[in-house]
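Residues per chain are reported as follows:
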Amino acid sequence: MLGVERATVEFMQKTDVMIVGGGLVGLSIAYGLALQGRQVSVLDEGDDALRAARGNFGLLWVQGKGYGMSPYAQWTREAVALWPRFAASLQADTGIDLHLRQPGGFQLCLSDEEMAEESRRLLWLRDALHGDYPFELLDGEQLRARLPGVGPTVVGGCYSPMDGHVNPLKLLRSLYAACRARGVRIINGHRVSAIGQHASGFELEAGDQRWYAARLVLAAGLGNRELGAQLGIEVPVSPNRGQILVTERLKPFLHYPTTYVRQTDEGTVQLGDSHESSGLDDGTGSEVMAAIAARAVRCFPRLGQVRLVRAWGALRVMSADGYPIYEASPTCPGAVVVSCHSGVTLAAIHALRLAPWIDGEFDDPALAAFSLARFNGKNEVRHVG
Amino acid sequence: MSADRLFRALGPARNTVQIEFEGASLSVPAGVSLAAALLGSGVTHTRESAVNGRLGAPFCMMGVCFECLVEVDGQANCQACLLPVRAGMRVQRQRGARDVLGADEEVADE
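Residues numbered from 1 in each chain as written. Chains lettered and ligands numbered in written order. Predicted model: local features only at pLDDT ≥ 70, side-chain atom pairs only at ≥ 80, totals over all residues.

**Points about the sheet that holds strand β4 (residues 105-109) of chain A**
Residues and elements named next belong to chain A.
Thought 1: The 3 strands are arranged β4-β6-β5 in an open sheet whose pairing can be described as antiparallel. Two strands close off the open sheet at either side, each with one partner strand: β4 and β5 (136-139). With strand direction ignored, the average angle separating the axes of adjacent strands in the sheet is 20°.
Thought 2: Sheet topology note: the β5/strand β6 (residues 156-160) ladder contains 4 bridges and is antiparallel. The partner of L138 across the bridge, within β6, is G157.
Thought 3: Helix α3 (residues 112-128) rests against β4, β5 and β6 of the sheet, and its axis sits at about 140° to β4. (Pairing = 2+ DSSP bridges. Helix = DSSP H or I, 4+ residues; strand = E, 2+ residues; numbered from the N terminus. Axes fitted to C-alpha atoms, helices over the stretch in contact; angles between N-to-C directions. Contact = placed C-beta atoms within 7 Å.)

As structure tokens, then:
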């Protein structure tokens, strides 16, 4: 805890809302708060930080999410419905085309067991959302008719018109530009070392600098565990590594996103969807890369003769139950904790609905399910695979 | 092509090989990279970007920038800076993205 007398240091920098974390989650909220007319600052680490925002796959994905927790399924559905408005707003502010496409997406199934499991989950979700959850289950022949180029050993797939994709790097760049254009102060290269709470707000310290904010949003990904602890808030998040391979540029051949393979607007093809428990190591490994490549070639045999040009690892931010955490702390008034996976899919709803809620504009009953209260008395479950 | 070349060799090549670029025969030093050979022959652009059509030529010379993409003996998207020249090599500019649809139809016919 910082001393009050230090709060009078002449370099004290003040803001209405301080957001810790300049990834997709933090910047989406910053943009939403700026649209609300708030004075916002974002404190971000340097290039050596762990950054899910620079390593993700770019899907706007709905199907299958929220199995066992229908409020998350509903929240995700509403997020993708807000995406066209969100993208239009960013484009109007920055001129950057995010290449948003929402033609629906396919989950390819490589075994009968996988197909049965996906079907069971989608049927549960459709019931949980009272029938308002469109998808189709396709056998191999139907799938190949709908998605030419799918390999002969793919047993079937699920299509949902709810899914889509976007260029995630252009999204990050656009959020930076839009936030700056709307007066958000983005402060790079600082790792917050201490947070103190006073009667009228929060004081943050990084190196020899400090900032004061009436309100605080922790959107620091995996860093939220440590930052939350400083305010006495236990944030159960842990890393889950995904590796991604990228091919040479190809003429468009895949016009829909799929969970394992996605062709980007600039022609490269991303192959991915691995899940590993590897601590804070965001590197790559040949065994997992080989498995990703082999699965992608099974899905689309033409990829077998295509060259890879890049590979990387990135860490998903997974809460103990896999669902987002939106916590307006009752013990620490003015502090909000936001931790989630799927920062691309949820970007639109974070800007257009979560930010107004953080701003106190309205009480959103949909958010009650995502508070930390759900973890009370539960042991943390580690997600592996 | 050689009248306004941007690069010149430090000295005469001890050995040369013949390669073909866009249908024209070039005599180039043996043992150099294809990118060096093309630059030394006065080639001013080797690819047209798949993203926006911009003309590009070998730049980083170490496999990173992908500006030197060419088609070599029918294989698209080759990095000329990473390939040694070989007698008889047939090289074309890389124009846009590689087309894998045609290849897939051949697979389907099998």
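**Re the domain arrangement of chain A**
Thought 1: Once the domains are mapped, chain A shows domain 1 (4-56 + 170-235 + 322-375), domain 2 (105-161) and domain 3 (237-319).
Thought 2: Between the C-alpha centres of domain 1 of chain A and domain 2 of chain A the distance comes to 37 Å. (Domains from an automatic or database assignment.)

**Focus on helix α2 (residues 70-94) of chain A**
Since the α-helix turns once every 3.6 residues, residues separated by three or four places project in the same direction.
Residue and element names in this part refer to chain A.
Thought 1: Over its 25 residues, α2 runs 35 Å from end to end, which matches the ideal 36 Å to within 8%, given 1.5 Å per residue.
Thought 2: Taken as a whole, α2 carries its principal kink of about 40° at W83; the proline P84 stands between one and four residues after it.
Thought 3: Taken residue by residue, α2 has Y72, A73, W75, T76, A79, V80, W83, F86, A87 and L90 as its buried positions.
Thought 4: Tucked into the core, α2 has its buried residues touching β3 (59-60), α3, β7 (164-165), α5 (168-181) and α8 (347-358).
Thought 5: The positive-phi residue at the C-terminal boundary of α2 is G95, with phi of around 75°. (Expected span 1.5 Å × (residues − 1). Bend = angle between axes of the 7 residues up to and from the residue. Buried ≥ 20, exposed ≤ 12 C-beta atoms within 10 Å, placed from the backbone.)

**Points about the nonpolar core**
Thought 1: M18(A), I19(A), I29(A), A30(A), L175(A), V217(A) and V338(A) are the most contacted members of the largest nonpolar core, which has 114 residues in total.
Thought 2: At 9 residues, α2(A) tops the list of elements feeding residues into this core.
Thought 3: Those residues in contact with I19(A) that lie beyond four places of it in its chain are G26(A), I29(A), A30(A), V40(A), V42(A), V217(A) and A219(A).
Thought 4: Membership of the second largest hydrophobic core comes to 19 residues, among which are I19(B), V28(B), L69(B) and V70(B). (Core = buried A, V, L, I, M, F, W, Y, C linked by C-beta atoms within 7 Å.)

**Concerning α8(A)**
Residue and element names in this part refer to chain A.
Thought 1: By the criterion of burial, α8 is predominantly enclosed, with 10 of the 12 residues buried.
Thought 2: When we look at burial in α8, the residues that qualify are A347, A348, I349, H350, A351, L352, R353, L354, A355 and I358.
Thought 3: Buried-residue contacts for α8 involve α1 (24-35), α2, α5, β11 (209-218), β16 (325-328) and β17 (335-339).

**Side note on the interface of chain B and chain A**
Thought 1: Each side of the interface is counted separately: chain B has 11 residues, and chain A has 13 residues.
Thought 2: Across the side of chain B that touches chain A, the residue classes tally to 7 nonpolar, 1 polar and 3 charged. (Nonpolar A, V, L, I, M, F, W, Y, C, P; charged D, E, K, R; others polar.)

**As for the environment of E48(B)**
Thought 1: With respect to the helices and strands, the residue E48(B) is situated in strand β3 (residues 47-48).
Thought 2: Along the backbone, E48(B) and R93(B) are 45 residues apart, and their C-alpha atoms lie at a distance of 7.5 Å.

**Remarks on the confidence of the model for chain B**
Low pLDDT marks regions whose predicted coordinates should not be analysed in detail.
Residues and elements named next belong to chain B.
Thought 1: Residues of chain B with pLDDT of at least 70 account for 88%, and the chain-wide mean is 89.
Thought 2: In this model residues 104-110 is a low-confidence stretch, pLDDT under 50, and it forms 4 contacts with partners more than four residues away in sequence or in other chains.
Thought 3: Predicted complex, confidence summary: ipTM 0.86, pTM 0.91. (pLDDT = per-residue confidence, 0-100.)

**Focus: the environment of E113(A)**
Thought 1: Mapped onto the elements, E113(A) comes out in helix α3.
Thought 2: E113(A) sits 82 residues away from I195(A) along the chain, and the two C-alpha atoms are 49 Å apart.

**A closer look at the pairing of strand β10 (residues 201-206) of chain A**
Residues and elements named next belong to chain A.
Thought 1: Two strands pair when backbone bridges link them, and strand β9 (residues 194-198) and β10 are joined in this way by 5 bridges, in the antiparallel orientation. Across the sheet, residue A194 finds its bridge partner in β10, namely E205.
Thought 2: The loop that links β9 with its antiparallel partner β10 comprises 2 residues.
Thought 3: Here β10 runs beside β11; their pairing, made up of 5 bridges, is antiparallel. Bridge pairing links A206 to Q209 in β11.

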